[in-house]
Amino acid sequence: MSYLCLENVMKTFNKTEVVKKMNLEIKKGELVSFLGPSGCGKTTTLNMIAGFLDVDGGSIVVDGKPVHLLPPNKREMGMVFQNYALFPHMTVFDNVAYGLKLRKVQKNEINQRVLEALEMVRLSGYEKRYPKELSGGQQQRVSLARALVIKPKVLLLDEPLSNLDAKLRQEMREEIVEIQKKVGITTIFVTHDQEEALAISDRIAVMYEGRIEQVDTPVAIYNQPQTDFVSRFIGEVNQIQGHVVESYSGNQCKVSFNGYQQVLTCNGKNDDLVDFYLRPEKIQIYQEQSEGLRVRVERKMFLGAKTRYILQLKNQQLIADISNTVLNPDQILEGQDVLAVWNPEELLATKK
Amino acid sequence: MQAELEMNQEQEIQFKQMKKKKSKKRLDSWLLLLPALSIFIFFFLLPLVFLFITSFKTFDAATGIGHDWTLQNYAKFITDQFYLGVLWRTVKIALITTLAAVIISYPVAYQITKIRGRMKNYLTLLVLSPLLISMVIRCYGWVILLSNNGVVNNALMKMGLIDKPLTLLYTEFSVVVGMVHVLFPYMVLSIMGSLERIDPSVIRASQNLGAGPIRTFFSVVLPLTLPGIFAGSVMVFSLAVSSFVTPAILGGPQVKVMSFLTYEQVSTILNWPFGSAIGFLLIFIATITIIIYSKLLTRSEKGVAIQ
């Protein structure tokens, strides 16, 4: 049973459809990321869920009740903003207590719950500080405590880490997941950082031009992208073209990549040209091998644990990331001819 | 040994050069301030000092300013009920004007900041338009409206609401009306400034936590605009407390204020020392009022620095 449900949600700004008939179901306690490039409608969708924007069509249902006609202050959602949005004229304590005071909670209980919330985000002892006396990471923690202390139905995170520096960002994202799992709150996390989304999400909704392209677990998004956009957007890919030499029954074809022939799943007819995507880490290179795609090593870049090889194939470049424990980079010279080999199952065929 | 000495010398030279650079930089910034600073010093600060000295001199019927030192001018003011009454009235009018300006300006500023695009510029220009008209002309406009057979009284009598004209002109009321009209653009502009500085997501955060529009306004928006209200109030109050033309035209001799009193002493009675003393008392009282006001505001909101 889904807890948060978007049905045909639409939003139009000046005749441009920003969100197009979006459908999504989120289970209770699940952490779902909205991932996509800027302008894909992810923040707009979040703002519609929070109630800051009206929906132009469709409905939003939380826990069986439609909420899309309620004003934001009646929706019982907790939001963490990109720029923290703490009240600058209130102490940390008053910031966190704000939502509880509005709910007319008893004074002792407010006290207790605020202190608990601050302890949860490891900010005990900061109650009397003002936001401007805190670092960015600390401010974001206060913001998280403020959103969670009111025990909202859904936690909405709008690019909460993008204003922090790289190291802090990683720490904070782990902390957020830890707290989210502990509290067990249904969460939507908006981000444009795919690494972030892959690391923390139960499921990712990849968005592009106002549409959800694919909703899946991080592993499935990475390994079985369903659309062109998802394959290109998530991780790095090589695009290579092959032509069908022979097609068999059951969607099996023999495809030739410049002479390197493989039998794989694809629905093409004889002599069709088919595009495939291939992740850089799925390519192996050998100096001597019976079969493979003959390429020239254009350049190699040492990246610590792995080495990136830029491979030239006629007018096309492939990149291959190979672990240094598998292949010693000193064995391969720039300008050398090698054979690139991959498992046919790793090729992601695209829909044409 | 020799090398070390050379090094030291070299360092010293470097150090001196650095110092030179630093002082040059300082000089540059002073140079930029020079035009404004010289005007301020020669045409404001120095005359003020002379005025201050004059206020401690005796009055000489023949030359105006006598040679002996005295505290008589201040004593005369402080002990006289009439003068104290004028001082109280001046401060009262300025305070009421400031308060009225805040109440009138806030909604205007609030609406203007909500509007986007060209309309916003037009509205801002409209608000500023009272400043484009000469103060004297504007005051006589109010005279036409408020006098005994003026527009307001005629209309009220025609409607049968009153039998005989109300005394609107030459009262503290008419002075306040005229001053609010002149001074409220300053208030609108400074409140607009602080409203525009509020991060919109802070307002969203408040709504998200369960506050309706009214609660959000009083808990978040209003406290965050106190700096703007303060800046506007200081401007409006100091302009109102020292204004001369508006009280002179709309208040006349019935509503005497401090600046009118000073004018009387200096140009009619030619008692310059006493005039100076009145002027200084006005500056003193106005400064104290502003300090108390700012203390009250800063105490209520510690998180937001009052600029």
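This structure is a prediction, so every number in the text was calculated from the model and none was measured.

Caption draft 1: Local environment of the overall build of chain A. For chain A, the count of helices and strands is eight helices and 20 strands. Its C-alpha atoms put chain A at 80 × 45 × 35 Å along the principal axes. Relative to its full complement of 352 residues, chain A shows a buried share of 38%. For chain A, the proportion of contacts with a sequence separation of at least 24, taken over those separated by at least 6, is 63%.

Caption draft 2: Highlighting the overall build of chain B. Tallying secondary structure elements over chain B gives 12 helices and two strands in all. When its helices and strands are written in sequence order, chain B yields α-β-β-α-α-α-α-α-α-α-α-α-α-α. With 307 residues in all, chain B has 29% of them scored as buried. Contacts in chain B between residues at least 24 apart in sequence constitute 72% of all its contacts with a sequence separation of at least 6.

Caption draft 3: Representation of the sheet that holds strand β1 (residues 2-13) of chain A within the structure. Residues and elements named next belong to chain A. One open sheet holds the four strands; their spatial order is β2-β1-β4-β5, and the pairing between them is antiparallel. Looking at the sheet topology across the chains shown, the edges are occupied by β2 (16-27) and β5 (65-66). Direction of pairing for β1 relative to β2: antiparallel, over a ladder of eight bridges. Looking across to β2, one finds that V9 is bridged to M22.

Caption draft 4: Seen up close, the interface of chain A and chain B. With 19 residues of chain A at the interface, the matching set in chain B holds 18 residues. A per-element tally of the side of chain A that touches chain B places helix α2 (residues 92-102) of chain A first, with three residues. Taken together, the residues of the side of chain A that touches chain B sort by class into 14 nonpolar, four polar and one charged.

Caption draft 5: Geometry of the packing of α2 of chain A against helix α3 (residues 107-120) of chain A. All names here are of chain A. Between α2 and α3, the shortest axis-to-axis distance is 10 Å and the interhelical angle comes to 125 degrees. Judged on the interaxial angle alone, α3 and α2 are oblique. In the packing of α2 onto α3, the handedness of the crossing is right-handed. Contacts between α2 and α3 pair F93, V96, A97, L100 and K101 from the former with I110, R113, V114, A117 and L118 from the latter.

Caption draft 6: Structural detail: the environment of L224 of chain B. Note that L224 of chain B resides in helix α9 (residues 213-241). As a C-alpha pair, L224 of chain B and R197 of chain B span 27 residues in sequence and 8.9 Å in three-dimensional space.

Caption draft 7: The arrangement of the sheet that holds strand β8 (residues 186-191) of chain A in detail. All names here are of chain A. Strand order in this open sheet of six strands is β6-β7-β8-β3-β9-β10, and the pairing throughout is mixed. Both outer strands of the open sheet, β6 (77-80) and β10 (211-216), are each paired with one neighbouring strand and no more. Between one strand axis and the next, the sheet turns through 20 degrees on average, direction left out of account.

Caption draft 8: Region of the structure containing the environment of Y248 of chain A. Residues and elements named next belong to chain A. Residue position: Y248 is located in the loop between β11 (238-247) and β12 (252-257). Since 9 C-beta atoms lie within 10 Å of it, Y248 is described here as exposed. C-alpha separation for the pair Y248 and P88, spaced 160 residues apart in sequence, amounts to 68 Å.

Caption draft 9: Summary view of the pairing of strand β7 (residues 154-158) of chain A. All names here are of chain A. Within β7, five of the five residues are buried, which leaves the element mostly enclosed by the surrounding structure. Residues of β7 alternate between two faces, with V154, L156 and D158 on one and L155 and L157 on the opposite face, all of them buried. Here four bridges tie β6 to β7, and the two strands are oriented parallel to one another. Note that in β7 the partner of G78 across the bridge is L155. Across five bridges, β7 lies against β8 in parallel orientation. Residue pairing in the sheet places L157 in a bridge with F189 of β8. Handedness of the β-α-β unit built from β7, helix α5 (residues 166-183) and β8 comes out right-handed.

Caption draft 10: Quick peek at the packing of helix α8 (residues 200-208) of chain B against α9 of chain B. All names here are of chain B. In the contact formed by α8 and α9, the axes pass within 10 Å of each other and the chain directions differ by 140 degrees. If you check the angle between α8 and α9, you find them oblique. Read as a crossing pair, α8 and α9 show a hand that is right-handed. Across the interface between the two elements, V202, I203, S206 and Q207 of α8 pack against T216, S219, V220 and V221 of α9. A breakdown of the residues in the contact of α8 with α9 according to their chemical character gives four nonpolar, four polar and no charged.

Caption draft 11: Examining the nonpolar core more closely. V96, A145, L156, I188, A205 and V206 of chain A are the most contacted members of the largest nonpolar core, which totals 76 residues. In terms of residue count, helix α4 (residues 136-149) of chain A provides more of this core than any other element does, six residues in total. Counting 43 residues, the second-largest nonpolar core is a separate cluster that includes A101, C139, V241 and A277 of chain B.

Caption draft 12: Representation of the confidence of the model for chain B in the model. Overall, the prediction assigns chain B a mean pLDDT of 87, with 89% of residues at 70 or greater. Interface confidence for the predicted complex, given as ipTM, is 0.83, next to a pTM of 0.80.

Caption draft 13: Local environment of the environment of T44 of chain A. Residues and elements named next belong to chain A. By secondary structure assignment, the location of T44 is in helix α1 (residues 42-50). Residue T44 is classed as buried on the basis of its 21 C-beta neighbours within 10 Å. Sequence separation of T44 and R103 is 59 residues, and the distance between their C-alpha atoms is 28 Å. Once you skip the residues sitting within four places of it in the chain, T44 turns out to touch K11, V18, V19 and L53.

Caption draft 14: Up close: the pairing of β12 of chain A. Residue and element names in this part refer to chain A. Two strands pair when backbone bridges link them, and β11 and β12 are joined in this way by four bridges, in the antiparallel orientation. Note that in β12 the partner of H243 across the bridge is S256. Once β11 ends, the chain turns through four residues before running back antiparallel as β12, passing G250 with a positive phi of about 75 degrees. Relative to strand β13 (residues 260-265), β12 is paired through six bridges, and the arrangement is antiparallel. Among the inter-strand pairings, V255 is bridged to a residue of β13, identified as Q262. Linking β12 back to β13 in an antiparallel pair, the connection comprises two residues, with N258 at a positive phi of about 50 degrees.

Caption draft 15: Representation of unusual backbone geometry. All names here are of chain A. Of note, D63 is a non-glycine position whose phi angle comes to about 55 degrees, a positive value. Positionally, D63 belongs in the loop between β4 (57-62) and β5. Even without a glycine there, the phi angle at R122 is positive, about 55 degrees. Within the secondary structure layout, R122 lies in the loop between α3 and α4.

Cut-offs and rules
Residues numbered from 1 in each chain as written. Chains lettered and ligands numbered in written order. Predicted model: local features only at pLDDT ≥ 70, side-chain atom pairs only at ≥ 80, totals over all residues. Helix = DSSP H or I, 4+ residues; strand = E, 2+ residues; numbered from the N terminus. Buried ≥ 20, exposed ≤ 12 C-beta atoms within 10 Å, placed from the backbone. Contact = placed C-beta atoms within 7 Å. Pairing = 2+ DSSP bridges. Nonpolar A, V, L, I, M, F, W, Y, C, P; charged D, E, K, R; others polar. Axes fitted to C-alpha atoms, helices over the stretch in contact; angles between N-to-C directions. Parallel < 35°, antiparallel > 145°, perpendicular 65-115°, else oblique. Left-handed = near helix turned anticlockwise from the far one by under 90°. Right-handed = clockwise from strand over helix to strand, strands pointing away. Core = buried A, V, L, I, M, F, W, Y, C linked by C-beta atoms within 7 Å. pLDDT = per-residue confidence, 0-100.

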